[in-house]
Every structure is written in structure tokens, then in C-alpha cells.
Amino acid sequence: PSTLLAGSLGTGKTLLALYYALAGIRAGERVVFLGFRETRDQLIQAAAPFSIGAALVRALEPDGGLTFLETPPIKLNADILADRVLTAIDAVGAHRLVIDSIAEIEQAILRSLDPERLADYMAALLSAMRTRDVTALFIKETDKALTTSLDLSADALSILAECMILLQH
């Protein structure tokens, strides 16, 4: 299954994703974390004040269980990125994936020569996760701090949302 974790800036999406990743490691699973906005050091610094700080440092060590793919969100090629993620998952035998944030991949496709392929790309990505028995957590930033409803039904990312968690201030 996959989960879409949505919320506005500062609601704790990345921190919750780190808890999810570390829970997988505690359960004996390998985890791949694709990050576009924070570096490894920034993640460690963000987690330090919380109970997961030391666990994150251990998880990021070689053979710690967490493979961090730091990818600057500049001139992304979504197909190359998908290949990189799937290669990392296969190499370490990961059963969990975190993408922080899926919006970077969405924007890369929308800026490509064929922006109409976004829904197909997302469906193929989800299919690749299912084939590998990988549970995925996709982070999506919303533009409203408070909302009584969030409708993603017309959004290509709705393909990813077997489950959705909305974080608010």
C-alpha cells in the first residue's frame, strides 16, 4: 500500500516520514528515502531534538538500514530518477520508500516534453512498488494552512493515495 502525506509548510511531514522510516528499520526492513529539500545533515539536525535523533544517525550509517538519496530539485529527469530509486530499492532489498516530496517529480514531468504522461508515470511508479512489495510514503505540500477538506480526486497524484494523511497546524 501507499500513503500520501499532505500538509502545509511546517506541519511536520518530513519528521513524520522519518518516524515511519525508522519504524521500518526497527521492524528489520530496509528503507530508501528520496529527499529533494533537505540534506542528510539537515535531517539529522531536524530530528535531534526528538526521540528519533540518535536512531536516525545510526540508521544513516553504512548498514544502518536507511539509504538516503539526496537529489537537488534542479533539472530533474523523472525517468532517470525513477531508475535511480528502483535501483536503490533493489540493491538494498528495501521494503519501504519515502519520497519527500512527490511534487518535485510532478513538476519535472509537467516541465517535460510530454506533461500529459503524469498520471501514467504515477501509475507505473506505484505498480513498480507493488511488484517489489514496497510500502511507499509520498509527501505532498499543500498551499493552505487550514482546511476543512482536501480534494485530490482531479489530481494525478490521487493515483498514489490508497491512504491519505492530512497534517494541519
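The paragraphs below set out a description of the structure included in this document. Note that residues are indexed from 1 along each chain, following the sequence as it is written. With pLDDT at 70 or above as the cut-off, local features in this predicted model cover only qualifying residues; side-chain atom pairs require 80 or more to be listed or tallied, and sums for whole chains, interfaces and linings still use all residues. Side-chain measures here rest on the full set of heavy atoms in the structure, leaving out hydrogens and waters.

Before going further, it helps to spend a moment on the environment of Cys 163. A helix here means a DSSP run of H or I that spans at least four residues, while a strand means a run of E at least two residues long, and both kinds are numbered starting from the N terminus. Of note, Cys 163 is situated in strand β6 (residues 163–167). Considered as a pair, Cys 163 and Pro 1 are 162 residues apart in the sequence and their alpha carbons are 7.8 Å apart. Among residues more than four places away in sequence, those in contact with Cys 163 are Ser 2, Thr 3 and Leu 4. Any two residues having at least one pair of non-hydrogen atoms within 4.5 Å are treated as being in contact.

In a structure, side chains of opposite charge can pair up when their charged atoms sit close to one another. Any carboxyl oxygen of Asp or Glu within 4 Å of a side-chain nitrogen of Lys or Arg constitutes a salt bridge here. The final tally for this structure, using the stated rule, is six salt bridges. In this structure, Arg 37 engages Glu 141 in a salt bridge whose closest nitrogen and oxygen atoms are separated by 2.8 Å. Of the two residues, Arg 37 sits in the loop between β2 (31–35) and α2 (40–47) while Glu 141 sits in strand β5 (residues 135–141), which places them 104 residues apart along the sequence. Only protein chains enter the accessibility calculation, which uses a 1.4 Å probe. A residue is then buried if its area is under 20% of the maximum for its type, exposed if over 50%, and partly exposed in between. Taking the relative accessible area as the measure of exposure, Arg 37 reaches 40% and is therefore partly exposed. On the basis of relative accessible area, Glu 141 is assigned to the partly exposed category, the value being 28%.

As a further point, take helix α4 (residues 78–92). Between its first and last C-alpha atoms α4 spans 21 Å; for 15 residues at 1.5 Å apiece the expected length is 21 Å, and the two agree. For α4, the full list of buried residues reads Ala 78, Leu 81, Ala 82, Val 85, Leu 86, Ala 88 and Ile 89. Along the long axis of α4, the arc covered by the buried residues comes to 155°, so they all point the same way. Structural note: α4 exposes Ile 80 and Ala 91 on the side pointing more than 90 degrees away from its buried face. On its buried face, α4 sits against β2, β3 (66–70), β4 (96–100), α5 (102–110) and α6 (118–131). N-cap assignment for α4: the residue whose side-chain oxygen lies 3.0 Å from the backbone N of Asp 79 is Asn 77. Any helix carries an expected span of 1.5 Å times its number of residues minus one. It is the directions from the helix axis to the C-beta atoms whose arc is reported. Pairs of N or O atoms are called polar contacts if they sit within 3.5 Å, as long as, within protein, a hydrogen donor faces a hydrogen acceptor (for residues adjacent in sequence, only side-chain-to-side-chain pairs).

A cluster of nonpolar side chains, contributed by Leu 16, Tyr 19, Phe 50 and Ile 165, occupies part of the molecular surface with about 310 Å² of accessible area. Note that Leu 16 resides in helix α1 (residues 13–26). To count toward a patch, a residue needs a relative accessible area above 30% and no salt bridge. Like charges then connect within 9 Å, nonpolar side chains (Val, Leu, Ile, Met, Phe, Trp, Tyr) within 5 Å. Methods summary: accessible areas were calculated by the Shrake-Rupley approach with a probe of 1.4 Å, and residue burial reflects only the protein chains presented.

With that settled, the discussion passes to the sheet that holds β6. Here, strands pair whenever DSSP counts at least two bridges between them. Read from one edge to the other, the open sheet built from six strands follows the order β3-β2-β4-β5-β1-β6, with strand pairing classed as parallel. Each edge of the open sheet carries a strand with a single partner, namely β3 and β6. Geometrically, the sheet is characterised by an average inter-axis angle of 15° between neighbouring strands, direction not taken into account. Across six bridges, strand β1 (residues 2–7) lies against β5 in parallel orientation. Of the residues in β5, the one forming a bridge with Ala 6 is Lys 140. To get an axis, a line is fitted to the C-alpha atoms, and for a helix only the part in contact is used. The angle between two axes follows their N-to-C directions and goes from 0 to 180 degrees. Across the sheet, α1 touches β1, β2, β3, β4, β5 and β6, and the angle it forms with β5 is around 170°.

Turning our attention to the nonpolar core. Ranked by internal contacts, the top residues of the largest apolar core, which has 29 residues, are Leu 34, Ile 89, Leu 97, Ile 99, Ile 102, Ile 105 and Met 129. At the level of elements, β2, α4, β4, α5, α6 and β5 are the ones that each hand at least two residues to this core. Here this core takes seven residues from α4, the largest share from any one element. Note on terminology: a nonpolar core comprises buried Ala, Val, Leu, Ile, Met, Phe, Trp, Tyr and Cys residues joined through side-chain atoms within 4.5 Å. Judged by nonpolar contacts, the second largest core, of 20 residues, contains Ala 21, Leu 56, Ala 59 and Leu 137.

Turning our attention to the pairing of β1. By the criterion of burial, β1 is predominantly enclosed, with six of the six residues buried. Side chains Ser 2, Leu 4 and Ala 6 of β1 all project onto a buried face; the interleaved residues Thr 3, Leu 5 and Gly 7 project onto the opposite face, where all are buried too.

Pairing of aromatic rings covers Phe, Tyr and Trp, the last counted by its six-membered ring, and requires centre-to-centre distances within 6.5 Å; plane angles under 30 degrees mean stacked, over 60 mean edge-to-face, and any other angle means tilted. For the structure shown, the criterion picks out one aromatic pair. The interplanar angle of 45° and the centroid separation of 5.8 Å between the aromatic rings of Phe 33 and Phe 68 together place this pair among those described as tilted. Within this pair, whereas Phe 33 is found in strand β2, its partner Phe 68 is found in strand β3, the two being separated by 35 residues in sequence. When the NZ atom of lysine or the CZ atom of arginine is within 6 Å of a ring's centre and also within 35 degrees of its normal, the charge is said to sit over that ring. In this structure, Arg 96 is placed above the aromatic ring of Tyr 20, and the distance from its NZ or CZ to the ring centre is 4.7 Å.

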